[in-house]
Amino acid sequence: MQAFSKMFPEKLSKGQKKLLSLAALGSQGIVLLDEPTTWLDAENKARVCSWLNDSKSAFLVATHDKKLLEYCDNVLLLEGGGLKECSSTAIKRFFQAGH
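Everything quoted here is computed from the prediction, not taken from an experiment.

Another aspect to go through is a nonpolar patch on the surface. Taken together, the side chains of Ile30, Leu32 and Leu60 present a nonpolar region at the surface, about 360 Å² in accessible area. Looking at the element boundaries, Leu32 is found in strand 1 (residues 30-34). You can call Leu32 exposed: its relative accessible area is 62%.

Encoded structure:
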């Protein structure tokens, strides 16, 4: 992360900008994250998942990343104008249906 922080922002990729912004969050009370793994390669997605898992913060995450959902204690699915709590089985079916 330190190498990124010394670069000009226009030289950073979208993924590098995403990682830098997540690193800057530190430990907050409640953190809102919109697609935190978008533009990241597999290695950096794993870093984000590990960071979420190890953090003391509470997170509200909007994502289409199935792997990221495995790190969530509770999953709410927004579908058809409604919001419902889902089990891991329901989430798997949702993604298998092509959503």
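Alright, that's what it looks like, and here's the rest.
This paragraph deals with the pattern of salt bridges. Note that side chains of opposite charge can pair when their charged atoms are close. Counted according to the given criterion, the structure contains two salt bridges. Note that Glu43 and Arg47 form a salt bridge whose closest N and O atoms lie 3.5 Å from each other. Here Glu43 and its partner Arg47 are both found in helix 3 (residues 42-54), four residues apart, which amounts to about one turn of the helix. The exposure class of Arg47 is partly exposed, given its relative accessible area of 43%. The salt bridge involving Glu70 is made with Lys67; its shortest N-O contact spans 3.2 Å. Overall, the relative accessible area of 47% leaves Lys67 in the partly exposed class.

Parameters at a glance
Residues numbered from 1 in each chain as written. Predicted model: local features only at pLDDT ≥ 70, side-chain atom pairs only at ≥ 80, totals over all residues. Heavy atoms only, no water. Patch = residues over 30% accessible without salt bridge, like charges linked within 9 Å, V, L, I, M, F, W, Y side chains within 5 Å. Areas by Shrake-Rupley, 256 points an atom, 1.4 Å probe, with all protein chains shown as cover. Salt bridge = Lys/Arg side-chain N within 4 Å of Asp/Glu carboxyl O. Helix = DSSP H or I, 4+ residues; strand = E, 2+ residues; numbered from the N terminus. Buried < 20%, exposed > 50% of the residue type's maximum accessible area, 1.4 Å probe, protein only.

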